[in-house]
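Here's the letter readout for the chains.
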Amino acid sequence: MKKATFGAGCFWGVETAFRQVEGVADAAVGYLGGTLENPTYQDVCTGTTGHAEVVEVSYDPLKVSYDQLLDLFWKIHDPTTLNRQGPDVGTQYRSAIFYHDEDQKNVALASRERLRESGRFRRPVVTEVTPTSTFYRAEEYHQRYLEKRGQSSCRI
């Protein structure tokens, strides 16, 4: 199993999308990229910790490639809005790819460049590509949040 970590706005819908991919063994929501140790949801919501709401994906690279995960990442959010996804505003909702090794870094950078050159978006792609740091698993009530409520998405 390998890990991939993505920030694409509110983590509930992102988690649900990745859980549906064949080859994904698990997807956990949490916080990454900030300065506060063991942050809570309330801490991260202040926008002062530097953390992003993220989904850490555990996947079998023999069944799904990192490139395929990136393709889904680009489809499920707007990578042109800085620190915002839909009605959610703040650095915790930023578009981010947190790479776990040099190969992931190179693949992510190439994928982002292809997207930028594709002309798919009128505005610039602002997704950050950053090395991973400590992943703090979110509180249990956030895990599989939409599934627990019988919802398949949280889009407005």
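Coordinates for the structure precede this section.
As a starting point, this report considers the structure included with it. (Residues numbered from 1 in each chain as written. Predicted model: local features only at pLDDT ≥ 70, side-chain atom pairs only at ≥ 80, totals over all residues. Heavy atoms only, no water.)

**Observations regarding the overall build of the protein**
Phase 1: A tally of regular secondary structure across the protein gives five helices and eight strands.
Phase 2: Reading the protein from its N terminus to its C terminus gives the helix and strand order β-α-β-α-β-α-β-β-β-α-β-β-α.
Phase 3: Taken against the 2.2 N^0.38 rule, which gives 15 Å for 156 residues, the C-alpha radius of gyration of the protein at 14 Å falls within 12% of a compact globule.
Phase 4: Judged by the C-alpha coordinates and their principal axes, the protein covers about 35 × 35 × 30 Å.
Phase 5: Buried residues in the protein amount to 46% of all 156 residues. (Helix = DSSP H or I, 4+ residues; strand = E, 2+ residues; numbered from the N terminus. Rg over C-alpha atoms; globule rule 2.2 N^0.38 Å. Buried < 20%, exposed > 50% of the residue type's maximum accessible area, 1.4 Å probe, protein only.)

**What to know about unusual backbone geometry**
Phase 1: Notably, Asn38 is not glycine yet its phi reads approximately 50°, a positive angle.
Phase 2: Tracing the sequence through the fold places Asn38 in the loop between strand 2 (24-32) and helix 2 (41-45).
Phase 3: With relative accessibility at 56%, the residue Asn38 sits in the exposed group.
Phase 4: The phi dihedral of Asn83 falls on the positive side, at around 55°, and the residue is not glycine.
Phase 5: When you line up the elements, Asn83 lands in the loop between helix 3 (66-75) and strand 4 (84-85).

**What about the environment of Val89?**
Phase 1: By the secondary structure assignment, Val89 is in strand 5 (residues 88-89).
Phase 2: C-alpha of Val89 to C-alpha of Asp78: the two residues are 11 residues apart in sequence and 13 Å apart in space.
Phase 3: Among residues more than four places away in sequence, those in contact with Val89 are Asn83 and Arg84. (Contact = heavy atoms within 4.5 Å.)

**Some thoughts on the nonpolar core**
Phase 1: Ranked by size, the top nonpolar core spans 35 residues in total, and within it Phe6, Phe18, Val57, Tyr59, Tyr66, Leu69 and Ile97 carry the most contacts.
Phase 2: Secondary-structure elements contributing two or more residues to this core are strand 1 (2-8), helix 1 (11-19), strand 2, strand 3 (52-59), helix 3, strand 6 (95-99), helix 4 (102-118) and helix 5 (145-148).
Phase 3: In contact with Phe18, other than residues within four places in its own chain, are Phe6, Val24, Val57, Leu69, Leu72, Phe73 and Ile76.
Phase 4: Counting seven residues, the second-largest nonpolar core is a separate cluster that includes Ala28, Leu32, Ala96 and Phe98. (Core = buried A, V, L, I, M, F, W, Y, C linked by side-chain atoms within 4.5 Å.)

**Topic: the pattern of salt bridges**
Phase 1: In the structure shown here, the tally under the stated rule is nine salt bridges.
Phase 2: With a closest N to O distance of 3.4 Å, Arg114 and Asp67 form a salt bridge. Residue Arg114 is located in helix 4, and its partner Asp67 is located in helix 3; the two are separated by 47 residues in the primary sequence.
Phase 3: The residue Glu128 makes a salt bridge to Arg94 at a minimum N-O spacing of 3.2 Å. With a gap of 34 residues between them, Glu128 in strand 7 (residues 128-131) and Arg94 in the loop between strand 5 and strand 6 connect regions that are remote in the sequence.
Phase 4: Taking the relative accessible area as the measure of exposure, Glu128 reaches 26% and is therefore partly exposed. (Salt bridge = Lys/Arg side-chain N within 4 Å of Asp/Glu carboxyl O.)

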